[in-house]
Protein chains: 2
Amino acid sequence: MAARRKVGNLLGLAVLAYLSRAPMHPYELSRTLRDYGDDRSIKFNHGSLYMVVQQLAKAGFVTELETTREGQRPERTVYAITDGGRAELHDWLRELVSEPEHEYPNFVSALSLIAALHPDDAVERLRSRLTGLAARRAEAQKLIDDSLAEGVPELFLIEEEFRVAQLDTEAAFVERLITRITDPVAGWGPGWAQVHAAMTAQAPPGPAEPQA
Amino acid sequence: MAARRKVGNLLGLAVLAYLSRAPMHPYELSRTLRDYGDDRSIKFNHGSLYMVVQQLAKAGFVTELETTREGQRPERTVYAITDGGRAELHDWLRELVSEPEHEYPNFVSALSLIAALHPDDAVERLRSRLTGLAARRAEAQKLIDDSLAEGVPELFLIEEEFRVAQLDTEAAFVERLITRITDPVAGWGPGWAQVHAAMTAQAPPGPAEPQA
DNA sequence: GGGGTCATGTAATAGGTTACATGATTCT
DNA sequence: AGAATCATGTAACCTATTACATGACCCC
């Protein structure tokens, strides 16, 4: 899948993006990414950053520019983007924007197996999810508002706006799902409970289930 | 994060779910998961399955039930879920349903860095994304329709319905984004182009940029 | 001046993906 | 009967995450 790219980790894309503005050493990258909140949109951790920078170097997308030392701190190696790196940055970004990828969000996985819960249980958990979703939505929205108030251009907040839109959709979906389960006239509850009982039953007596 | 679970891979959850219905050997699991289309919702690959089953065994969630051999084929080890496995299955599912997790979809990452593209380029790629989204939506919807026609209860199609809802939201968002960029009176295009020019500028002449 | 946190990086471990291997079955 | 695909599993490799180290700065 991502095997065609020499470096597959999206953290590498962020590194290329920041190095395209100015050379930096890894720690500075780490700090900058954190400061600009990119760690909300790109999975980040300290150890991976060094790994990714090495991979980028091996792939020729960045080069070691100089090595400086201040006092007795460890040496800091400053990296700069190369022309190849710039090309990779643009090509990669274009691909990510233009081609939707099949992904596996946790909630989708959970939904695909939710029949293994008793319907009453499922409804309770779905209700609980709603409050969590509201909290996350509020958090994202606050981040947007605060940033706008600080003068950050909306261009740099699109991803949070997208998150808000998705959270809204998810909340609406969950609410509707709850009503579809609990609806007194056509609700799935009873049928589901039967399926669940059958699934839960250990089928100890009788012959094993026939294969399809 | 997922370090509290002995087995973190969601494929393990699917294995527990299927083993809770009947004991199986790994290849049968593999086949069943594929047949029921669970590989659309849970990242699946052949190698990982064996790994996960071993992990589940080590954690005590499943046990080796028997080892059979047919003809000269390799031995097949049949696994059964344990009481601990059943508990883990329910606890894990409940957690996944009730607690939204912070995740990192590719498109969110891409949006967070999209300013690195020229606005015209971005718009073109966003348009292209729209057609991809439509295709995926159609595919998911067809799967739903076909399954319903075959008599599959809607309960087992929730995750595809959710996918459709998300795809719709994403498409609407992308369309709106395009108009926000290209709007002739208040569009971001010009401002973005400036930012982009400044970012792209290589600052080759003159002294190096001062560090913050 | 001793205890925390910052700055900076490396090494060890664990997890997942790809590639490999091989007998059986089916198709032509 | 040879080719392709299925059935079944193992091993090697790569990637990512956690843990470890250590000097500098800051606070009380």
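Parameters and conventions
- Residues numbered from 1 in each chain as written.
- Chains lettered and ligands numbered in written order.
- Predicted model: local features only at pLDDT ≥ 70, side-chain atom pairs only at ≥ 80, totals over all residues.
- Heavy atoms only, no water.
- Helix = DSSP H or I, 4+ residues; strand = E, 2+ residues; numbered from the N terminus.
- Buried < 20%, exposed > 50% of the residue type's maximum accessible area, 1.4 Å probe, protein only.
- Contact = heavy atoms within 4.5 Å.
- Areas by Shrake-Rupley, 256 points an atom, 1.4 Å probe, with all protein chains shown as cover.
- Salt bridge = Lys/Arg side-chain N within 4 Å of Asp/Glu carboxyl O.
- Polar contact = N/O pair within 3.5 Å; in protein donor to acceptor, adjacent residues only side chain to side chain.
- Domains from an automatic or database assignment.
- Least-squares fit on C-alpha atoms with pLDDT ≥ 70 in both.
- Phe/Tyr/Trp six-rings, centres within 6.5 Å; stacked < 30°, edge-to-face > 60°.
- Buried area = accessible area lost by both parts, 1.4 Å probe.
- Nonpolar A, V, L, I, M, F, W, Y, C, P; charged D, E, K, R; others polar.
- pLDDT = per-residue confidence, 0-100.
- Axes fitted to C-alpha atoms, helices over the stretch in contact; angles between N-to-C directions.
- Parallel < 35°, antiparallel > 145°, perpendicular 65-115°, else oblique.
- Expected span 1.5 Å × (residues − 1).

### A closer look at the overall build of chain A
Each helix and strand in chain A was counted, giving 8 helices and 2 strands. Going from N to C terminus, chain A has its helices and strands arranged as α-α-α-β-β-α-α-α-α-α. For chain A, the residues scored as buried account for 47% of the 212 residues in total. Considering only contacts in chain A between residues 6 or more positions apart, those separated by 24 or more positions represent 60%. About 11,000 Å² of surface is accessible on chain A, with carbon and sulfur atoms providing 53% of the total.

### A short note on the pattern of salt bridges
Enumeration over the complete set of coordinates arrives at 29 salt bridges over all chains. Salt-bridge contacts for Asp121 of chain B lead to Arg94 of chain A; the nearest nitrogen and oxygen are separated by 2.5 Å. Placement of the pair is Asp121 of chain B in helix α6 (residues 119-149) and Arg94 of chain A in helix α4 (residues 83-98), with the two residues belonging to separate chains. Judged by relative accessible area, which is 13%, Asp121 of chain B ranks as buried. With relative accessibility at 25%, the residue Arg94 of chain A sits in the partly exposed group. In this structure, Arg5 of chain B and Asp91 of chain B form a salt bridge, with 3.1 Å as the shortest nitrogen-oxygen distance. Taken together, the residues span a long stretch of sequence, with Arg5 of chain B in the segment before α1 (10-19) and Asp91 of chain B in helix α4 (residues 83-98) at a distance of 86 residues.

### A few points about the environment of Thr82 of chain B
All names here are of chain B. Within the secondary structure, Thr82 is located in the loop between β2 (76-81) and α4. Here the alpha-carbon distance between Thr82 and Leu19, two residues 63 residues apart in the chain, equals 9.2 Å. Ignoring anything within four residues of it in the chain, the contact list for Thr82 reads Gly60, Phe61, Val62 and Thr63. Within polar-contact distance, the side chain of Thr82 engages the backbone oxygen of Gly60 at 2.8 Å.

### Quick word on the domain arrangement of chain A
Each assigned domain of chain A is listed with its residue range as follows: domain 1 (2-98) and domain 2 (106-200). For domain 1 of chain A and domain 2 of chain A, the distance between their C-alpha centres works out to 34 Å.

### Let's talk about the relation of the copies chain B and chain A
Between chain B and chain A, the superposition needs a rotation of 180 degrees and an axial shift of 0.0 Å, giving an RMSD of 0.0 Å. Considering both components of the superposition, the chain copies are consistent with a two-fold axis. A shared binding surface is used by both copies, with 99% of the interface residues of chain B retained as interface residues in chain A.

### Brief notes about the packing of aromatic side chains
Counting across every chain of the model gives 6 aromatic pairs over all chains. Judged by centre distance (5.3 Å) and plane angle (90 degrees), the rings of Phe107 of chain A and Phe162 of chain B are edge-to-face. A residue pair is termed interchain when its members come from two chains, as with Phe107 of chain A in helix α5 (residues 106-113) and Phe162 of chain B in helix α7 (residues 158-182). Looking at Phe162 of chain B, the relative accessible area reads 1%, which means it is buried. Of the aromatic side chains, those joined through ring pairs into one cluster are Phe107 and Phe173 of chain A together with Phe162 of chain B.

### Considerations on the interface of chain B and chain A
Each partner contributes residues to the interface: chain B has 70 residues there, and chain A has 70 residues. Counting each side, the surface lost to burial between chain B and chain A is near 7,300 Å², with a carbon and sulfur contribution of 65%. With 12 residues, α7 of chain B is the single largest residue contributor to the side of chain B that touches chain A. The residue inventory of the side of chain B that touches chain A, partitioned by class, reads 33 nonpolar, 15 polar and 22 charged.

### Section: the confidence of the model for chain A
Here chain A shows a mean pLDDT of 90. Residues at 70 or above account for 90%. Contacts for the low-pLDDT stretch residues 203-212 of chain A, under 50 throughout, to residues beyond four places or in other chains number 1 contact.

### Considerations on the packing of helix α1 (residues 10-19) of chain A against helix α3 (residues 46-58) of chain A
Residue and element names in this part refer to chain A. Running from amino to carboxyl end, α1 crosses α3 at an angle of 70 degrees, the nearest separation of the two axes being 9 Å. Taken as axis vectors, α1 and α3 run roughly perpendicular relative to one another. Facing α1, whose interface residues are Leu11, Gly12, Val15 and Leu16, α3 presents Ser48, Leu49, Val52, Val53 and Leu56. Split by residue class, the contact of α1 with α3 holds 7 nonpolar, 2 polar and no charged.

### Some words on α4 of chain B
With 16 residues, α4 of chain B should cover 22 Å at 1.5 Å per step; its first-to-last C-alpha distance of 23 Å lies within 8% of that length. All of the buried residues in α4 of chain B are Gly85, Arg86, Glu88, Leu89, Trp92, Leu93, Leu96, Val97 and Ser98 of chain B. Taken together, the buried residues of α4 of chain B touch α5, α6 (119-149) and α8 (189-200) of chain A together with α1 and β2 of chain B. Capping the start of α4 of chain B is the job of one residue whose side-chain oxygen sits 3.3 Å from the backbone nitrogen of Gly84 of chain B: Thr82 of chain B.

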